[in-house]
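# Observations on the model geometry
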Amino acid sequence: MALLIRNGYVYDPMNGIDGEKMDILVEGGKIVDKLKSAEYEVIDASGMIVMPGGVDIHSHIAGSEVNAGRLLRPEDHAKDVELKTEITRSGVGYSVPSTFTTGYRYAKMGYTTVMNPSMPPLEAKHTHEELCDTPIIDKATYPLLGDWWFVLEYLRDGKIEECALHVAWMLYATKGYAIKLVNPGGLEAWGFGRNVRDIDDPVPYFNVTPREIIRGLCKVNKLLHLPHTIHVHTNNLGKPGNYETTLQTMKCVEDLSSGDKPCIHITHCQFSAFKGVDWREFYSGAEDIAKYVNFHKHVTIDMGQVIFTDTTTMTADGPFQYILHELTGNKWVNHDVETETSSGIVPFRYRRRSYVHSIQWCIGLELALLIRDPWRIFLTTDHPNAGPFTSYPQVIGWLISRKAREETLSKLNKRARETALLPSIDREYSLYEVAIATRAGQARALGLKDKGHLGVGGDADIAIYDVDPRKIDPSTQYDEYVKAFSKAAYTIKEGEIVVRNGEVVKVLDGKTYWVKVSSNSEYEVSEDMKRRFTEYWTVQFDNYPVSEAYLKRSKPVQVESEV
Amino acid sequence: MRKIENVICPVCGSLCDDITVYVEDNRVVEVENTCAVGRAKFLNYGLHRKPKPLIRKNGELKEASIEEAVRRSAEILTESKYPILYGWSSTSCEAIRVGLELAEEVGGIIDNTSTVCHGPSILSIQDVGIPSCTLGQLRHRADLVIYWGSDPYSAHPRHIERYTVFSEGRFQKSGWRSFIRRLSGKLVKKRLSRVAELILRRKLTFPEEKYALPPYFISEEERKLVVVDVRKTRTAEVADYFLQVKPNTDYEVLQALRMLVNDQDLEVDEVAGIPVRTLEDLADLMISCDFGILFFGVGLTMSKGKLRNVDAALSLVRDLNKRTKFLIMPMRGHYNVTGANVVFTWQTGYPYAVDFSLGYPRYNPGETSVVDILRRGECDAGLVVASDPVSNFPASAAKTLVDNPLIVIDPDVTPTSMMADVVFPSAYIGIEAEGTAYRMDHVPLRLKKVVEPPPNCLPDQEILARILREVRRIRRG
Ligand code: SF4
Ligand SMILES: [Zn+2]
């Protein structure tokens, strides 16, 4: 069905369109400049905001650790249920929703593309099976490669090209999209219950440092011409004083960027921007990080904004999760994956009355407000680690309105309120900047060329929000915006109206993006792999890869590598 | 003859994926690398399978077409107010996905066999969590392996050789050598005693120190295997150390170990008949290892105190992490019982005992678990996939099941299928049909199809999808 979206205020930052009243035409799932067919549906968007569909660069929605989180939290689900309808499946929330519910809830907020950032390669089939049951949205997933023995060994031996070829194979075998590093080196050490101290602390038994891993994979990423940069969860995440590790991490690849192109993404940076020596002497390191980012174009960041609620933390960072369990005494799941990675899960509640949690809340927003270039700082909550993705509208409220921040600040821990920098920051995001931080910037950082914009030829993934920017002032009437962003008036996916008035009206299957590297090397990866496969893993080489049959709609992205 | 390599064995939770299968005339004629159990399955599957679906007419099961059986099944399910859908641990994840959709569509209860095996483990995990890993992690690193209330030599015959003590890892070598040394030690002892008997003309007894840790023949660096069980199992015979506990005392023993691990003193001389010294030695062994693993089986989950037992085991291991690396894993029986829990959880949030009667998933084991519902006589129809509840359930529950209309999808003829009203002889997943299954450590594997199924035997997934379509057709007119 062709669509004419009439008279909306369009925010399309990639094309420099800032709230102009204009029409958008859709046909054959794409944005077009002229409609060929005479039959089309007209959507009257007058007095509404029109944006590209939301893009989420980092949200844990599928796979073994997410599912272990679901299993661990029956109490989380019982309070938030979704009824079956004629067209939708039933499910549960809250912080770790079931798969169907995840797809619907993203679509209801006008999001159409979501990246699942943490996939143990050995369990990749699991991730893809769940993604198949996550309707409507397009998705992709990042294999965890920073502690993979092949990577550690090749980088120890300085064999970058071999490493690159193996990474390419792994992206193919797991149907992955980007290189994910989590506490590089630390997860291998966690195999024996240990960790690495900083980016120069060698990995036990492997004689390679986190710095070498980060730099090595950054080079690999460039050699392979991958669409996204390396996606890094830093060492020492969640520890006071870790902002220094974060600065070192960003610095260590400074020389590897070419031109203005970013070469590293620091994810959920809030958790990696802690200053101080312990939980009492604990401060925000956001200013230092922002300063660095403002002067260095090779870095992109996402927020990992804290929401005051009861949630479930889950990362591949086994040692970090264990510490969290020790700190809180809450129940704890650990799942180490042979030869590759680990993971941990601990339920967690962020409380306004807690000094530390209040400061954490400030850090996320400080990062977003102090980093000047919105193309390099993205809105996330590291769902569900700092809060569920359904809180994004609330975060938008804090970004567009100082008043909204003050409202929350007034309820925070007193000491945090008095020491934090946030209260003195005046900046308020424009809607144009919101569009960058929630779609355009993320799509660009991911190298998703057809996403995050409304230019001709782009995917017709569109969100329409019922709030009139000419009549309603974001700064003072922010709650109108929070409401509008929670329930899209329309969400359009590939040219089909999937949500109307915040309700799902049509269910379709999204695509799964993955990177297919073509190389010109004669070096046989599989022979080398096969030789060591049975030693390293407990499954056979033939049974390891995820076949395309596991992807409901496979969307390979072809790249030409230099190796 | 066709040779197919790296086939996955669809029998137990070890899901060995290195099987070689030889096929001739669409029949498996030889297998390599399996254990005896796996071998028997590959060579003898489907011997008694009926050639066509069956429908009960006037009290007798009569052959029918697939279409007729699908229609009758859909009628049963749509006429029912509260059907139960049970089984799911010996089928593919793809089938389970359809099964969940069907359960939701008809507003029934869906439950899998963990309800009668590791249900208590799951409840405990939801209470305390679980520190665990994939099996290869143990192969590479574990220097202490404990099997508690589980006898892998009988139930998961290749488990020890593939994943634990006798496997060869990066940081840990196989324990074979020490085992052989120990074995030859035993043989020498036996020979000497035999000779002595002959010479002395009377029986020579070696005092058996039942509860003392025997001296190790193995060097410090080698893996140690400890077995805790109520009887001397086959696994216990190869163990470095076997601790025999009295039936139904696991909880006390685990709690005592927990206290010792936490440096608390035990004010008694013995716990459940075991000298505290012995427990102290075991606790020391646990603390001093670099990487320990505790496997527990139904011996722990189904003995007295079920939930408390697993709770104590999980807590013990969690506490051990303050001192060293220690993990724990349930020994899952059916080859895809883990997959059943996994798929249930991602679609509904809950691993088993899910009730869709209110239009959304509800979970309250004890209330929404099939055995309890059957016992209370609340359901009015049933669908069973690849399981035999008539043999396994308590009599009162089984009675309700067979008194109501019952649909069975199973490649085997079972007491349950013989009592059913509609029977679908189905294809063997992993032999005659593809599909995904999850190993006991949550590693997903793609089961292969090595031979064609008989013409009227469809894969479970396909049968369920047809029933679901028919149900929707009836309901939506
Ligand atoms: S151990 Fe289990 S999976 Fe392996 S061959 Fe034997 S029965 Fe099959
Ligand atoms: Zn994350």
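Residues numbered from 1 in each chain as written. Chains lettered and ligands numbered in written order. Predicted model: local features only at pLDDT ≥ 70, side-chain atom pairs only at ≥ 80, totals over all residues. Heavy atoms only, no water.

Moving on to the packing of aromatic side chains. One pass over the full model with this rule turns up 37 aromatic pairs over all chains. Geometrically, the ring pair formed by A:Trp148 and A:Phe150 is tilted, given 5.1 Å between the ring centres and 45 degrees between the ring planes. Grouping residues by exposure puts A:Trp148 and A:Phe150 together as buried. Between the aromatic rings of A:Tyr465 and A:Phe485, the centroid separation amounts to 4.4 Å while the plane-to-plane angle is 50 degrees, which identifies the pairing as tilted. Of this pair, A:Tyr465 sits in strand β21 (residues 462-465) while A:Phe485 is found in helix α17 (residues 478-486), placing the two residues 20 residues apart along the sequence. A:Phe485 shares its class with A:Tyr465; the two are buried. Here B:Arg141 stacks its cationic end above the ring of A:Phe192, 5.0 Å away from the centre of that ring. Cation over ring: B:Arg170 sits above A:Trp149, and NZ or CZ is 4.5 Å from the ring centre. (Phe/Tyr/Trp six-rings, centres within 6.5 Å; stacked < 30°, edge-to-face > 60°. Buried < 20%, exposed > 50% of the residue type's maximum accessible area, 1.4 Å probe, protein only. Helix = DSSP H or I, 4+ residues; strand = E, 2+ residues; numbered from the N terminus. Lys NZ or Arg CZ within 6 Å of the ring centre and 35° of its normal.)

A separate point is the site of ligand 1. Around ligand 1, the neighbouring residues are B:Cys9, B:Val11, B:Cys12, B:Leu15, B:Cys16, B:Thr34, B:Cys35, B:Gly38, B:Pro157 and B:Arg158. Residue composition of the shell around ligand 1, grouped by class: seven nonpolar, two polar and one charged. (Near = heavy atom within 4 Å. Nonpolar A, V, L, I, M, F, W, Y, C, P; charged D, E, K, R; others polar.)

A few words on the sheet that holds strand β5 (residues 60-63) of chain B. Working definition: the strands of a sheet are paired by backbone hydrogen bonds and lie parallel or antiparallel to each other. All names here are of chain B. Sheet architecture is open: nine strands sit in the order β5-β4-β20-β19-β18-β6-β7-β16-β17, paired in mixed fashion. Since the sheet does not close on itself, it has two edges, and those belong to β5 and β17 (362-363), each with one partner. For strand β16 (residues 354-355) and β17, the ladder comprises two bridges, and the chain directions are antiparallel. Each residue of the ladder has a partner; that of Asp-355, found in β17, is Arg-362. Contacts from helix α3 (residues 93-106) reach β6 (83-87), β7 (109-112) and β18 (381-385), with the element oriented near 165 degrees to β6. (Pairing = 2+ DSSP bridges. Contact = heavy atoms within 4.5 Å. Axes fitted to C-alpha atoms, helices over the stretch in contact; angles between N-to-C directions.)

Before going further, it helps to examine the sheet that holds strand β1 (residues 2-7) of chain B. All names here are of chain B. Strand order in the open sheet formed by three strands is β1-β2-β3, with antiparallel pairing between adjacent strands. The two strands at the open ends of the sheet, each matched to only one other strand, are β1 and β3 (27-32). Taken over all neighbouring pairs, the strand axes of this sheet differ in orientation by 25 degrees on average, direction set aside. Where helix α1 (residues 36-44) meets the sheet, its contacts fall on β1, β2 (19-24) and β3, and the angle it forms with β3 comes to roughly 160 degrees.

Right, let's get into the pattern of salt bridges. Within the structure shown, the criterion is met by 70 salt bridges over all chains. Note that A:Glu86 and B:Arg476 form a salt bridge whose closest N and O atoms lie 3.4 Å from each other. On the criterion of chain membership, the pair formed by A:Glu86 in the loop between β7 (81-82) and β8 (91-92) and B:Arg476 in helix α19 (residues 460-476) is interchain, its members lying in two chains. Residue A:Glu86 is classed as exposed on the basis of its relative accessible area of 59%. A relative accessible area of 40% places B:Arg476 in the partly exposed class. (Salt bridge = Lys/Arg side-chain N within 4 Å of Asp/Glu carboxyl O.)

All names here are of chain A. A cluster of nonpolar side chains, namely Trp-279, Ile-323 and Leu-327, defines an oily patch on the protein surface of about 260 Å² accessible area. Structurally, Leu-327 can be placed in helix α11 (residues 318-328). A relative accessible area of 47% places Leu-327 in the partly exposed class. (Patch = residues over 30% accessible without salt bridge, like charges linked within 9 Å, V, L, I, M, F, W, Y side chains within 5 Å. Areas by Shrake-Rupley, 256 points an atom, 1.4 Å probe, with all protein chains shown as cover.)

Okay, the coordination of the zinc ion (ligand 2) next. Reference geometry at the metal: tetrahedral coordination by four donors gives ideal angles of 109.5 degrees; octahedral coordination by six donors gives 90 or 180 degrees. Residue and element names in this part refer to chain A. Ligation of the zinc ion (ligand 2) by protein atoms is provided by His-58 (NE2), His-60 (NE2) and Asp-382 (OD), these donors lying 2.0 to 2.2 Å from the ion. We note that the donor set of the zinc ion (ligand 2) lies within a single chain, spaced as H-x1-H-x321-D. Take His-60: its relative accessible area is 3%, and that puts it in the buried class. (Donors = N, O, S within 2.8 Å, 3.2 Å for Na, K, Ca; no water.)

Right, let's get into the nonpolar core. Core analysis: the biggest nonpolar cluster contains 162 residues, and A:Val167, A:Tyr177, A:Leu217, A:Trp361 and A:Trp537 have the highest contact counts within it. Among residues more than four places away in sequence, those in contact with A:Leu217 are A:Leu145, A:Gly146, A:Val151, A:Leu155, A:Cys163, A:Val167, A:Ile179, A:Leu181 and A:Ile230. Ranked by size, the runner-up nonpolar core spans 94 residues in total, among them B:Ala95, B:Ile130, B:Val226 and B:Val422. (Core = buried A, V, L, I, M, F, W, Y, C linked by side-chain atoms within 4.5 Å.)

Further remarks concern the domain arrangement of chain B. It is common to give the size of an interface as the accessible area that goes away when the parts come together. Residue and element names in this part refer to chain B. The domain boundaries assigned to chain B delineate domain 1 (50-117 + 335-476) and domain 2 (121-330). Taking both partners together, domain 1 and domain 2 bury about 960 Å²; carbon and sulfur atoms supply 64% of that area. Considering only the surface of domain 1 that becomes buried against domain 2, Cys-117, Met-440 and Asp-441 emerge as the three largest contributors, covering 52% of it. Taken together, the connections running from domain 1 to domain 2 amount to zero salt bridges. In this assembly, domain 1 and domain 2 are joined by three residue pairs in polar contact (both at pLDDT 80 or more). Considering only residue class, the side of domain 1 that touches domain 2 consists of eight nonpolar, two polar and two charged. (Domains from an automatic or database assignment. Buried area = accessible area lost by both parts, 1.4 Å probe. Polar contact = N/O pair within 3.5 Å; in protein donor to acceptor, adjacent residues only side chain to side chain.)

The next point concerns the interface of chain A and chain B. Listed as interface residues are 58 residues of chain A and, on the opposing side, 64 residues of chain B. Across the interface of chain A and chain B, roughly 5100 Å² is buried in total on both sides, 51% from carbon and sulfur atoms. Applying the counting rule to chain A against chain B returns ten salt bridges. Across the pair B:Glu101 and A:Arg89 runs a salt bridge whose closest N-O atoms are separated by 3.6 Å. Viewed at the interface, chain B and chain A are joined by 41 residue pairs in polar contact (both at pLDDT 80 or more). Considered class by class, the residues forming the side of chain A that touches chain B number 23 nonpolar, 17 polar and 18 charged. Judged from the five bridges that link them, strand β18 (residues 332-336) of chain A and strand β8 (residues 129-133) of chain B form a sheet pairing that is parallel. When the sheet's bridge partners are listed, A:Asn334 is paired in β8(B) with B:Pro131.

Our focus in this paragraph is the environment of A:Ser354. All names here are of chain A. For Ser-354, the position within the fold is in the loop between β19 (344-349) and α12 (355-370). Since its relative accessible area comes to 18%, Ser-354 is described here as buried. Sequence spacing of Ser-354 and Ile-472 is 118 residues, and the spatial spacing of their C-alpha atoms is 34 Å.

What follows covers the confidence of the model for chain B. Summarising the model, chain B shows a mean pLDDT of 91, and 91% of its residues fall at 70 or more. Note on the complex model: pTM 0.95, ipTM 0.97. (pLDDT = per-residue confidence, 0-100.)

Among the residues making up α11(A), those that are buried are A:Gly318, A:Pro319, A:Phe320, A:Gln321, A:Tyr322, A:Leu324 and A:His325. Elements that come into contact with the buried residues of α11(A) comprise α7 (186-190), β17 (310-315), β18 and β19 of chain A together with α13 (306-320) of chain B. Within two residues after α11(A), A:Gly329 carries a phi angle of roughly 75 degrees, on the positive side.

What follows covers the side chain of B:His118. Residues and elements named next belong to chain B. Summarising the element assignment, His-118 is placed in the loop between β7 and α4 (119-128). Residue class for His-118 comes out buried when judged on its relative accessible area of 1%. Within the structure, His-118 has its side chain in polar contact with the side chain of Ser-121 (distance 2.6 Å). Leaving out residues up to four positions away in the same chain, His-118 has contacts with Phe-296, Gly-297, Thr-301, Pro-330, Met-331 and Arg-332.

Inspection of the entire model under this criterion finds nine cavities of 30 Å³ or more. Each pocket or cavity is described by its volume, and for the largest cavity that value is around 440 Å³. Of all the secondary structure elements, the ones that give two or more residues to the lining of the largest cavity are α1 (64-72) and β18 of chain A together with α4, β8, β15 (325-330) and α14 (337-348) of chain B. The dominant element in the lining of the largest cavity, judged by the number of residues it contributes, is α1(A), at six residues. Looking at the lining of the largest cavity residue by residue, the class counts come to 13 nonpolar, 13 polar and three charged. Put simply, the second largest cavity is a space of about 100 Å³. Taken together, 16 residues form the lining of the second largest cavity, with B:Cys9, B:Cys12, B:Ser14, B:Cys16 and B:Cys35 sitting closest to its centre. Each residue belonging to the lining of the second largest cavity can be placed in one class, and the counts come to ten nonpolar, five polar and one charged. (1 Å grid on protein atoms, 1.4 Å probe; cavity = no way out; pocket = protein on both sides within 12 Å on 5 of 7 lines; lining within 4 Å. Points joined across faces, edges and corners; volume = space filled by probe spheres on them.)

Residues and elements named next belong to chain B. With 14 residues, α3 should cover 20 Å at 1.5 Å per step; its first-to-last C-alpha distance of 20 Å lies within 8% of that length. Within α3, 13 of the 14 residues are buried, which leaves the element mostly enclosed by the surrounding structure. Immediately beyond the C-terminal end of α3, within one or two residues, lies Gly-107, with a positive phi of roughly 65 degrees. (Expected span 1.5 Å × (residues − 1).)

This brings us to the environment of B:Tyr147. Residues and elements named next belong to chain B. With respect to the helices and strands, the residue Tyr-147 is situated in strand β9 (residues 144-148). Considered as a pair, Tyr-147 and Phe-295 are 148 residues apart in the sequence and their alpha carbons are 4.8 Å apart. Setting aside its immediate chain neighbours within four residues, Tyr-147 contacts Pro-152, His-159, Ile-160, Thr-164, Leu-225, Val-226, Val-227, Val-228, Thr-235, Phe-295 and Met-331. Among the polar contacts made by the side chain of Tyr-147, one reaches the side chain of Thr-164 at a distance of 3.0 Å.

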